[in-house]
Amino acid sequence: MRVVLAEDLFLLRDGLVRLLEAYGFEIAAAVESGPELTRALAEQQPDVAVVDVRLPPTHTDEGLQCALRARRERPGLPVLVLSQHVEQLYARELLADGSGGVGYLLKDRVFDAEQFVDAVRRVAGGGTAMDPQVIQQLLARRASHDRPLDRLTPREREVLELMAQGRTNAAIAGRLVVTERAIAKHTANIFAKLGLEVSDDDNRRVLAVLAYLDRNL
Amino acid sequence: MDTHSPDGNFAARARTSALTSGRGLALAVASLPEALLCYTLCLVSIALVPVVGIGLFTTPWAVRWLRSFADRRRALAAKWCGIRIPSAYRPLPADGRPWALTYALLRDPATWRDLRWLLVDATAGFATALLPALLPLYALEGFALAAGMWRIYVGTTGEAYWYAFVPVSGQLPALSAGVLGVVFLLLGVRWAPALLAVHFRLTRALLAPGQEELAERVRVLTETRRDAVDSSAAELRRIERDLHDGAQARLVAMGMDLGVVEMLLDKDPAQARRLLAQARQSSADALTELRDLVRGIHPPVLAERGLGDAVRALALRLPVATEVGVELAGRAEAPVESAAYFAVSELLTNAVKHADADRVWVDLHHSDGMLRISVTDNGRGGAAVGAGSGLSGVERRLGTFDGVLAVSSPAGGPTMVTMEIPCALS
């Protein structure tokens, strides 16, 4: 799987390259600025791009803007955005086109190499990887305002949180140490309580849940 | 007088002085009735404030007229003579209730200074404006006398006609009156612009803000500077403490854990693994704390996107429905953006925590060199500056940028806080 990596801090770029290579990814290009990223994305046609939000030369959200532009030109281009802070505003922009294949994670998540690599693979496969903090912010904001959400059992809430992060039923089952069948049952309950249409497609399901959580209060 | 100047120069000077004389005449004739009328109206309006209260409604109107009259004179001074007359009207309350407006207008020393100026303008001002026109006109009279007009006067009254200090009773004194006329004309040509400038200097002396207002400005600047220094020092202390007790301590703990891990690696791998997990947790916690600290110093989204999106991101973190309207064509300077951001942040916190609101509206726009922000909520109201609500802190911080804050928060709500910060967008 070919990866284009954009990160301006040498230490982090180097670390990410080594980490991804250790897990069998091929680094098509590792760049350190916005213009270089745009060029690399066009030339290399990677399977997934791992991009830091803040890049030179502007040191603003150059990386995010490059990623969004690239996705407009090539819809569905898998992009995993990394940042020192997560903003629901940015998550919303990444998810806006509704086509999946996006990730938005805190840089800290790299600490857990397994989880991080899993997220990269998920995004490359057209799935979603949202940082637990984004989901927690969404849920905290809706607390006590959202009656359907309040009707979920604590277990269902847990499942919802993991699902919104973009994890598959199998992964959720593994995480909560229950069977996949049990998770399927929880999922059906959640969708019924929130009034969402059930879908067999994992990615669609995640996007539906995220859209629900990001609805206006 | 420069008699050696070439003819062209003299002609140009004559044209200038003719223009100046015309301007002075027009100014004197047009402004005298307006000055008298305006003065009368203002005095009557102000006198009627305690009497029947009618003055509450007429005073703002009359004083506004007075100010526009004075502003027009300021513009003429700059245009005609290059004399700049600063104006220092205090900002008027935004809510526009007549009594508040009248009170603010009457408390402004500029109002009384303008009124004093009107009296002088109608007398000495009138005369000085007229002088540049009077000199050539008087010269014309001298020429007319020399040309034989003295005969008509002396013929009908039988007495000598006084032209300046010359009693004209025959052709010879009439001729000297003519010569005197030439002198007056030359004086007029030479001095007309200077005479009109005298008028505007007089105006400036009366209209420009006085020493005590400058002193007041200095006092305000000193105070806001001290506040700014104090609050930034306090901020640095807080950051130092947070780093010392937080991230720094965690890194120390992490280092110690790693040291022990090194020692245990062969002897007790299980314990070493436990400590490694602990070290990783410490580093994650340190990062979280640093992130929160950074958000408190300068939120990343503000640096990345500017005020509009930073406020939008802030609204997305609030547990209440918040509408954000942004009309900003560019970005303000970083310190202004930061002050505005933290002000909005404080107000939103107030709305949710203290006012118990369930809807909030934030509006940001920039016009006429002023960043205007309003935060409105449907909570229980009753907010006031200086009631320990954090509003006075916001007001102080905005003060550093000459920004102002107004609160309208009747008991029972809604609360509307408006802020204005003078700034340019880039």
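Note that this is a predicted model, so its numbers are computed, not measured.

## Overview of the overall build of chain A
Working step 1: Of the regular secondary structure elements, chain A holds eleven helices and six strands.
Working step 2: Expressed as a percentage of the 217 residues in chain A, the buried residues total 41%.
Working step 3: Excluding contacts between residues fewer than 6 apart, the proportion of contacts in chain A whose partners are at least 24 apart in sequence is 61%.

## Focus on the interface of chain B and chain A
Working step 1: Taken residue by residue, the interface counts 18 residues in chain B and 17 residues in chain A.
Working step 2: Those elements giving two or more residues to the side of chain B that touches chain A turn out to be helix H8 (269-297), helix H9 (300-305) and helix H10 (307-316) of chain B.
Working step 3: Of the residues assigned to the side of chain B that touches chain A, the class counts are ten nonpolar, no polar and eight charged.

## Quick notes on the nonpolar core
Working step 1: Within the largest apolar cluster, 60 residues are counted, with the highest numbers of intra-cluster contacts made by Val50(A), Val51(A), Leu80(A), Val81(A) and Tyr104(A).
Working step 2: For this core, the element with the highest residue contribution is helix H11 (residues 202-213) of chain A, accounting for seven residues.
Working step 3: If you count residues domain by domain, this core takes at least three from each of domain 1 (2-130) and domain 2 (135-213) of chain A.
Working step 4: In this structure Val50(A) touches Val3(A), Leu5(A), Leu16(A), Leu80(A), Leu82(A) and Val120(A), once residues within four positions along its chain are discounted.
Working step 5: With 43 residues, the next largest nonpolar core counts Cys38(B), Ala174(B), Ala177(B) and Leu206(B) among its residues.

## Here we look at the sheet that holds strand S1 (residues 2-6) of chain A
Residues and elements named next belong to chain A.
Working step 1: Across the sheet, six strands lie side by side as S2-S1-S3-S4-S5-S6; this open sheet has parallel pairing. One side of each edge strand has no neighbouring strand; the edge strands of this open sheet are strand S2 (26-31) and strand S6 (128-130). Within this sheet the neighbouring strands show an average axis-to-axis angle of 20°, counted without direction.
Working step 2: Relative to S2, helix H1 (residues 10-22) is tilted by about 170°, and along the sheet it contacts S1, S2 and strand S3 (48-52).

## Examining H11(A)
Residues and elements named next belong to chain A.
Working step 1: An ideal rise of 1.5 Å per residue puts 16 Å on twelve residues; H11 measures up with 17 Å between its terminal C-alpha atoms.
Working step 2: Most of H11 sits inside the fold, with nine of its twelve residues counted as buried.
Working step 3: Of all the positions in H11, only Asp 202, Arg 205, Val 206, Leu 207, Ala 208, Val 209, Leu 210, Tyr 212 and Leu 213 are classed as buried.
Working step 4: Of the surrounding elements, those touching the buried residues of H11 are helix H4 (88-95), S6, helix H6 (132-142), helix H8 (154-164) and helix H10 (180-194).

## A closer look at the sheet that holds strand S4 (residues 359-367) of chain B
Residues and elements named next belong to chain B.
Working step 1: Taken together, the five strands give an open sheet; going across it, the order is S3-S4-S5-S7-S6, and neighbouring strands pair in mixed fashion. This sheet does not close on itself; its edge strands, each paired only once, are strand S3 (321-327) and strand S6 (404-408). If you compare each strand with its neighbour and ignore which way they point, the axes differ by 10° on average.
Working step 2: Note: S4 against strand S5 (residues 370-377), eight bridges, orientation antiparallel. Along S5, the bridge assignment pairs Ser 367 with Met 370.

## Things to note about the UniProt feature "transmembrane region" (unreviewed entry) in chain B
Residues and elements named next belong to chain B.
Working step 1: Using the residue numbers shown here, the UniProt feature "transmembrane region" (unreviewed entry) corresponds to residues 36-63, 117-140 and 160-187.
Working step 2: Helix makes up 93% of residues 36-63 and strand 0%, and the two end C-alpha atoms of the span are 14 Å apart.
Working step 3: The span residues 117-140 shows a helical share of 100% and a strand share of 0%, and its end C-alpha atoms are spaced 33 Å apart.

## Focus on unusual backbone geometry
Working step 1: Note the cis peptide between Pro56(A) and Pro57(A), where omega equals 0°.
Working step 2: By the secondary structure assignment, Pro57(A) is in the loop between S3 and helix H3 (62-73).

Calculation rules
Residues numbered from 1 in each chain as written. Chains lettered and ligands numbered in written order. Predicted model: local features only at pLDDT ≥ 70, side-chain atom pairs only at ≥ 80, totals over all residues. Helix = DSSP H or I, 4+ residues; strand = E, 2+ residues; numbered from the N terminus. Buried ≥ 20, exposed ≤ 12 C-beta atoms within 10 Å, placed from the backbone. Contact = placed C-beta atoms within 7 Å. Nonpolar A, V, L, I, M, F, W, Y, C, P; charged D, E, K, R; others polar. Core = buried A, V, L, I, M, F, W, Y, C linked by C-beta atoms within 7 Å. Domains from an automatic or database assignment. Pairing = 2+ DSSP bridges. Axes fitted to C-alpha atoms, helices over the stretch in contact; angles between N-to-C directions. Expected span 1.5 Å × (residues − 1). UniProt positions renumbered as here; feature names shortened; annotations may be inferred.

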